[in-house]
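Structure assessment
Listed below are the residues making up each chain.
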Amino acid sequence: MGFPIQRLRRLRQTEPLRRMVRETRLSPSDLVHPFFVTVGRDRREAIPSMPGQYRLSQDLLAKEAAEVHALGIPAVILFGIPDRKDERGTSAYVPDGVVQQAVRTLKDQVPGLLVMTDVCIDEYTTHGHCGLVENGRILNDETLTCLRAMARTLAEAGADVVAPSDMMDGRVAAIRDELDHAGFPDMPIMAYSAKFASCFYAPFRDAADSRPTFGDRQSYQMDPANLREALREIDLDVEEGADIVMVKPALPCLDVIAAARSRVTLPIAAYQVSGEYSMIKAAAANGWLDEPRAMMESLLAIKRAGADLIVTYFARAAARVLHDSFS
Ligand code: PBG
């Protein structure tokens, strides 16, 4: 019973019809806005490789986060740019660290906003790696001690969700244990479970000044060739107590998002990373792509693949488009 009985174009004739049969919808509630927070006051530094994104001091962060929240975006995720780095990333887990302070400010000044925090020491180490280093090797179990302390100090500051992005083995279980013993049994963990060693993080490393000074991240982040291994990472994080699992980057990994969706019942997050953002911005700046349409189509594809939450630097712009299209 094919053509001419079946004509799929029938339901594409008018916008009301298309709207009624649309299978996937984006909402501002799906989005998480990442922010880079730096020390000092009244500081707003442009990030050249991420047009429209800034390193903000916490006073200005509070203003921007309030705007984002007013657009219906429920959550932000914070990355810190500390004023000093050392071998052990100490400023990642001091009680008055740059993100710990920003969390306090946001919880105080933007009530109702969900404050997520990245848990990883790379922005705080002189070598730029996500783990402690000994003789050029990235130590796994020793790094867990730093991650525990970072998660605990962020919880003490009032963070609503902690999101480990380091890719050390066993970090979710370690952080769960630490939080439970420190009186935070209800603090959710959003694990960057399937995080690939991707070239698309390059603009972020400019923004956060976290480029490794030697080697690369391939001994801890995943090989982009591996789907089954990504599912093992997800399974392990679920067993270790993750509440939300993340796939990162997003558009290069739609198959991983879809496979994760059919495998686990947990919410799935996808991170549309810096390079995905910058590609669209650069093409649009050259007149090669229509920026709002490229933004919305990529976000829709990520959602269609199965993501419940999308972390994206486009969160604010996308929420504006969604509001305009409903008014
Ligand atoms: C590590 C971390 C990175 C990103 C999020 N958390 C950088 C990395 O792994 O090198 C990248 C996010 C992006 O590219 O937008 N703390």
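Residues numbered from 1 in each chain as written. Predicted model: local features only at pLDDT ≥ 70, side-chain atom pairs only at ≥ 80, totals over all residues. Heavy atoms only, no water.

**Remarks on the overall build of the chain**
We count it as follows: Labels follow the DSSP assignment, with helices taken as runs of H or I lasting at least four residues and strands as runs of E lasting at least two, numbered in each case from the N terminus. As a reference, a globule follows 2.2 Å times the number of residues to the power 0.38, and the radius of gyration itself is taken over C-alpha atoms. Two residues qualify as a contact provided that any one of their heavy atoms is within 4.5 Å of a heavy atom in the partner residue.
Scanning the chain from terminus to terminus reveals 11 helices and 12 strands. The C-alpha radius of gyration computed for the chain amounts to 20 Å, which stays within 12% of the reference 20 Å derived for 327 residues, consistent with globular compactness. Across its three principal directions, the C-alpha atoms of the chain cover 70 × 45 × 40 Å. A separation threshold of at least 6 residues defines the contact pool for the chain, and within that pool the share at least 24 residues apart is 73%.

**Brief notes about the environment of Thr-38**
Mapped onto the secondary structure, Thr-38 falls in strand β1 (residues 31–38). For Thr-38 and Ile-81, which are 43 residues apart along the polypeptide, the C-alpha to C-alpha distance reads 4.9 Å. Not counting residues within four places of it along the chain, the set of residues in contact with Thr-38 comprises Arg-43, Arg-55, Leu-56, Ser-57, Gln-58, Ile-81 and Val-98.

**Remarks on the packing of helix α8 (residues 254–263) against helix α10 (residues 291–305)**
Inclusion rule: Interaxial angles span 0 to 180 degrees and are taken between N-to-C directions of axes, which are lines fitted to C-alpha atoms, for helices over the stretch in contact. Any residue that is not Ala, Val, Leu, Ile, Met, Phe, Trp, Tyr, Cys, Pro, Asp, Glu, Lys or Arg is counted as polar, Gly included; the first ten are nonpolar and the last four charged.
As a packed pair, α8 and α10 sit with axes 8 Å apart at the nearest point and diverge in direction by 30 degrees. Taken together, the residues of α10 that come into contact with α8 (itself represented by Leu-254, Ile-257, Ala-258 and Arg-261) are Ala-301, Ile-302 and Ala-305. Grouping the amino acids of the contact of α8 with α10 by side-chain chemistry returns 6 nonpolar, no polar and 1 charged.

**Let's talk about the site of the ligand**
Applicable threshold: Any residue with a non-hydrogen atom lying within 4 Å of a molecule or strand is treated as near it. Two N or O atoms form a polar contact when they lie within 3.5 Å of each other; inside protein one atom must be a possible hydrogen donor and the other a possible acceptor, and for residues adjacent in sequence the pair counts only when both atoms belong to side chains. For every accessible area listed, the method is Shrake-Rupley and the probe measures 1.4 Å; residues are considered covered only by the protein chains on display. Whether a set of points on the 1 Å grid over the protein atoms alone is a cavity depends on a 1.4 Å probe fitting there but being unable to get out, while an open set qualifies as a pocket with protein on both sides within 12 Å along at least five of seven lines; lining residues are those with an atom within 4 Å of a point. Should more than half of a molecule's atoms lie within 2 Å of a pocket's or cavity's grid points, that molecule is taken to sit in it.
Every one of the 18 residues lining the ligand counts as a neighbour, but Lys-195, Arg-205, Lys-248, Ser-274 and Tyr-313 are closest to it. For the ligand, an oxygen atom lies 2.9 Å from a polar atom in the side chain of Gln-221. Bound to the protein, the ligand loses 100% of the 400 Å² it would expose on its own. Assessed atom by atom at 2 Å from the grid points, the ligand resides in the largest cavity. Classifying every residue of the shell around the ligand by side-chain character gives 8 nonpolar, 3 polar and 7 charged.

**Overview of helix α5 (residues 171–181)**
Helical periodicity: at 3.6 residues per turn, an α-helix aligns residues three or four positions apart in one direction. Just so we agree on the cut-off: The cut-offs for exposure are 20% and 50% of the maximum accessible area for each residue type, with area from a 1.4 Å probe on protein chains only; residues under the lower value are buried, those over the upper are exposed, and the others partly exposed.
Regarding α5, the residues found buried are Arg-171, Val-172, Ala-174, Ile-175, Arg-176, Glu-178 and Leu-179. Residues of α5 that are buried make contact with β5 (114–119), α4 (141–157), β8 (161–164), β9 (190–195) and α7 (228–240). Of the residues flanking the end of α5, it is Gly-183, one or two places downstream, whose phi is positive at about 90 degrees.

**Thoughts on empty space enclosed by the protein**
Cut-off, in case you're wondering: Grid points are joined across faces, edges and corners, and a volume is the space filled by probe spheres set on the points.
With the rule as written, the count across this model stands at 2 cavities of 30 Å³ or more. Along its surface, the largest cavity is lined by 19 residues, and Asp-122, Lys-195, Tyr-201, Phe-204 and Lys-248 are the ones closest to its centre. Looking at the lining of the largest cavity residue by residue, the class counts come to 8 nonpolar, 4 polar and 7 charged. Here the second largest cavity defines a volume of roughly 50 Å³. Every residue along the wall of the second largest cavity is listed here: His-33, Pro-34, Phe-35, Phe-36, Gly-52, Gln-53, Tyr-54, Leu-56, Glu-64 and Arg-316.

**Concerning the packing of aromatic side chains**
Going by this rule: Whether two aromatic rings pair depends on their centres lying within 6.5 Å, for rings of Phe, Tyr and Trp, where Trp uses its six-membered ring; planes under 30 degrees apart make the pair stacked, over 60 edge-to-face, and the rest tilted.
Applying the stated criterion across every chain, the model contains 9 aromatic pairs. When the ring of Phe-36 is compared with that of Tyr-313, the centres are 6.2 Å apart and the planes differ by 5 degrees; the resulting orientation is stacked. One end of the pair, Phe-36, is in strand β1; the other, Tyr-313, is in the loop between β12 (309–312) and α11 (315–326), and 277 residues separate them in sequence. Across the pair, Tyr-313 and Phe-36 agree in class, each one buried. Measuring from centroid to centroid gives 6.5 Å for Phe-79 and Tyr-271, while their planes differ by 45 degrees, and the two rings are tilted. Residue Phe-79 is found in strand β4 (residues 75–81), and its partner Tyr-271 is found in strand β11 (residues 268–272); the two are separated by 192 residues along the sequence.

**Examining the environment of Thr-105**
Tracing the backbone shows Thr-105 in helix α3 (residues 98–109). In terms of polar contacts, Thr-105 uses its side chain to reach the side chain of Gln-58, at 2.3 Å.

**Considering the layout of surface pockets**
Approximately 590 Å³ is the volume attributed to the largest pocket. Put simply, the parts of the chain that give the lining of the largest pocket at least two residues each are α1 (15–20), α10 and α11. Here the second largest pocket is characterised by a volume of approximately 320 Å³. Lining the second largest pocket we find 13 residues, and of these Arg-12, Arg-18, Val-21, Arg-22 and Glu-23 sit closest to its centre. Residues that form the lining of the second largest pocket fall into these classes: 4 nonpolar, 2 polar and 7 charged.

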